[in-house]
Structure formats: structure tokens, C-alpha cells
Amino acid sequence: MIFKISGFGALFMVNVLVGVLSEQVRQVTQPGIHTEGPVWDHANDGLYFVDIAADRLEYYDPKTGVVHKVTLDGPVSPVLVLPGGNLAVGVGRQLRLMDWAAYNFSSIIPQITPPVVLTTVEDDKPGNRFNDGNIDSVGRIWIGTMGPEPVVGQVTPDQGSLYRITLQSPSRHVSSLPRQEHAVEVKTVLSPVSISNGLVWNHEETLMYYIDTPTRRVDVFDFNLAQGTLGTRRTAFDFAAHNVTGNPDGMTIDSDGNIWVACFGGSQIVQADPRRNALLRSVAIPASQVTSVEFGGPYVDGGDTLYVTSMRKGLSEEELVREPLAGSVFAVTGLGTCGQRSASCRT
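Quick summary incoming for the structure in this document. Small disclaimer: the values here were computed from a predicted structure and weren't measured.

Re the overall build of the protein chain
Of the regular secondary structure elements, the protein chain holds two helices and 26 strands. Residue burial in the protein chain is summarised as follows: out of 347 residues, 55% are buried. When contacts within the protein chain are restricted to residue pairs at least 6 apart in sequence, those whose partners lie at least 24 apart make up 50%. Surface accessibility of the protein chain: about 14,000 Å² in total, with carbon and sulfur atoms responsible for 49%.

Written out as C-alpha cells, the structure reads:
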């Protein structure tokens, strides 16, 4: 394994051979404080992500290398792309609607247009915030919260919940939506949880994989797409059973039905087969606090780049010397697989 650290844009040759595969890890953004929640924008071929600690929503354009940023008025997480291109953005305990692309990713969009607030949750828990989520093929938002985190990695347990949020008109343009909190139906589907995290479905949407980080497991629920309901819960992949270093954070799924999980505190991402509770491989990342993963890249070309976010918040000065790129977004290529939305992969 060879890491060549030479500043922004450095290429990390990760010579982990799987057959003829040779993975490469490349830094694509400058370090942030707590980058999280990467989501590929299929309409514009770019990557949304957030910097929670900096209260920022960001957009990386891989064609130019430019990162657009907008600062909001609270911790931002997650960002989700709705049918029609609107964004659902968590800001603290609020879920807001934005169409940032319509304003050319302007940094002054908060001054240009007031926020469309869809809902606010957990008024009785002011220290909570939204953390991670996803959108099913019907357009329903599945989004969870977490409790206060007075010290990095020490979250007050059992304070969060997982919600199903249904928009009345998910594809309508932001400007045509009401600017008050009655455009959605909010349903609590799982409570309590400690750190509601990665959430993905299998290709058929008959199974939903879900992470509550302190359990150190990826669990799976039977999923009824028509009704938007969860069935039996069971373990799909167990970090402890496989001696995986770190805790499960964000997650995505590839076209083969295998999950990819960020290992917070583990300096790696892992690929697992959740149908067999089997560890397939790990890929080293030059940051210990790996936070999330998402497949991207133009899907006409395969969508086979795995974007990885990371965090530098909470690291000591000595740790930052060892991890100068902590907080960056990385691009991993050469994996021999691609995102679930791809019909085929380039290898």
C-alpha cells in the first residue's frame, strides 16, 4: 500500500489486489471540518455534500474541480435530491426545500430567497439534529436524527428517531410551494435510536438496510414500497463479528447488491455482502474519521467513482500532523463495480 501525500489533488495508490483490480484514492477537495452526506446529482453530473460543523452546503463539479459553498444558519445534514431536482436539506431539526442549481450555486441564496421550511421535528429535544437520510423511488424522504454530541464521538444515547416524510408534491418547483410547515406528512417509523445513519434499499426495494452507529451493525428490514412500511428487523452485517475497525457511519449500495460502509475511526471503507453477512474487502482512506460514501461519475460512463467524505474535527494537533488531509472528500476508482443505478460498470 503506497500513500503519496503531496497536498491538494494528491493521488493515493492503494495497491489492494482483488483479481486484477488496483484501487486508487484521490483527494478532490480541500479539507473541511466535518464533510458528510455525499449525494450524486444526476442532472448536473456533480456531487452535493455538507460540512456539518461549518454550517455549509457544498457542491463539487468534477469537470472543473470547483467547489461551490453556501453557509446556512445551523448544522447542515443531510442533503437529498428530490424528484424534479429540488433539494431537501436538514438544518438542525428543520427540513428545508431548496433549488440551489436554479441560482447557479450562488453563495448568497439565503439572501436571495427565504427558506421553504417543510417541517421541524423534536421540539422537546433542542440539542438534537438531523443526521442522515435517503429517498425511495416513490419520493418519500427517510431521515433520522441524533442526540447531542458534547464531545466528538460521544453522543447522548437513545435520543433520536427515524422518520418517513411524504411531500404532497415532491417534484413541484420550490417557488410554487407554500412557505409554511404543512406541505408534508411526518411519520415516526423507528424510535429510539442513538445516531440514525446510513440507509439504502436493494434494487427491488424489498429490503431496507439501516445503521444506528453505536450498535456497530448494519440491520435490514423487510420493506413494503407501496405502503412505505418496515417489517422484520435483523442483522445484515456485524462489525464486531468481522473484527472491522471503526464504527459504521454512512453507506451506499452497488449494482451487485453489496453495501459500502464508511468506518468512522477506522481509516477505511468496507464492502460487504449483506445477504450473507460477509466481509468482501476494505479500502484504506488517509483519514481516520471516515464519514460517508456515495457512487458518482457520469452514469453514461458507468458511475463507478466512489466518493468518500471525512472529518478533522476532534483530532489533536499530533493526529492532524499524521492526517493532513482529514476532512477532505476523496474519489476512489478502480473498484470494478458501480452505483446501483448503473446498468453496467466499466472495469
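Having seen the model, we can carry on.
Some thoughts on the packing of aromatic side chains
One pass over the structure, following the stated rule, counts 13 aromatic pairs. Ring geometry for Trp-142 against Phe-223: centres 5.4 Å apart, planes inclined by 65°, an arrangement best described as edge-to-face. One end of the pair, Trp-142, is in strand β13 (residues 141-146); the other, Phe-223, is in strand β18 (residues 217-224), with 81 residues separating them in the sequence. Of the two residues, Trp-142 and Phe-223, neither departs from the other in class, the shared state being buried. Members of the aromatic cluster, connected to one another through ring pairs, are Tyr-48, Tyr-59, Trp-100 and Phe-105.

Topic: the sheet that holds strand β6 (residues 56-61)
Taking strand neighbours across the sheet as the criterion, the four strands line up as β4-β5-β6-β7 in an open arrangement whose pairing is antiparallel. With one partner strand each, in any of the chains shown, β4 (35-41) and β7 (66-71) form the two edges of the open sheet. Each strand of the sheet is rotated relative to its neighbour by a mean of 20°, with strand direction disregarded. Sheet topology note: the β4/strand β5 (residues 46-51) ladder contains five bridges and is antiparallel. Looking at the pairing, Val-39 lines up with Tyr-48 of β5.

What to know about the nonpolar core
Trp-260, Ile-269, Ile-285, Leu-306, Val-308 and Val-332 are the most contacted members of the largest nonpolar core, which totals 18 residues. Each residue touching Val-308, except ones within four places of it in the same chain, is listed here: Ile-269, Ile-285, Val-290, Ser-292, Val-293, Ser-328, Val-329, Phe-330 and Val-332.

Quick notes on a nonpolar patch on the surface
A contiguous nonpolar patch, built from Tyr-103, Ile-108 and Ile-112 and spanning about 260 Å² of accessible area, is present on the exposed surface. On the secondary structure map, Tyr-103 appears in the loop between β10 (94-98) and α1 (109-112). Note on Tyr-103: relative accessible area 33%, which makes it partly exposed.

Brief notes about unusual backbone geometry
Look at the link from Ser-77 to Pro-78: it is a cis peptide, with omega at -5°. Relative to the elements of secondary structure, Pro-78 occurs in strand β8 (residues 76-81). Phi is positive for Asp-158, close to 60°, though the residue is something other than glycine. Looking at the element boundaries, Asp-158 is found in the loop between β13 and β14 (160-167). We classify Asp-158 as partly exposed; its relative accessible area is 44%. Here Ser-267, not a glycine, exhibits a phi torsion of approximately 55°, which is positive. Relative accessible area serves as the criterion here: at 29%, Ser-267 is assigned to the partly exposed category.

Some words on the sheet that holds strand β16 (residues 196-201)
The strand order β16-β17-β18-β19 describes an open sheet built from four strands, whose pairing is antiparallel. The open sheet has two edge strands, β16 and β19 (229-238), and neither has a second partner. Each strand of the sheet is rotated relative to its neighbour by a mean of 25°, with strand direction disregarded. One ladder, built from five bridges, connects strand β17 (residues 207-212) with β18; its direction is antiparallel. Note that in β18 the partner of Ile-211 across the bridge is Val-218.

Conventions adopted
Residues numbered from 1 in each chain as written. Predicted model: local features only at pLDDT ≥ 70, side-chain atom pairs only at ≥ 80, totals over all residues. Heavy atoms only, no water. Helix = DSSP H or I, 4+ residues; strand = E, 2+ residues; numbered from the N terminus. Buried < 20%, exposed > 50% of the residue type's maximum accessible area, 1.4 Å probe, protein only. Contact = heavy atoms within 4.5 Å. Areas by Shrake-Rupley, 256 points an atom, 1.4 Å probe, with all protein chains shown as cover. Phe/Tyr/Trp six-rings, centres within 6.5 Å; stacked < 30°, edge-to-face > 60°. Pairing = 2+ DSSP bridges. Axes fitted to C-alpha atoms, helices over the stretch in contact; angles between N-to-C directions. Core = buried A, V, L, I, M, F, W, Y, C linked by side-chain atoms within 4.5 Å. Patch = residues over 30% accessible without salt bridge, like charges linked within 9 Å, V, L, I, M, F, W, Y side chains within 5 Å. Salt bridge = Lys/Arg side-chain N within 4 Å of Asp/Glu carboxyl O.

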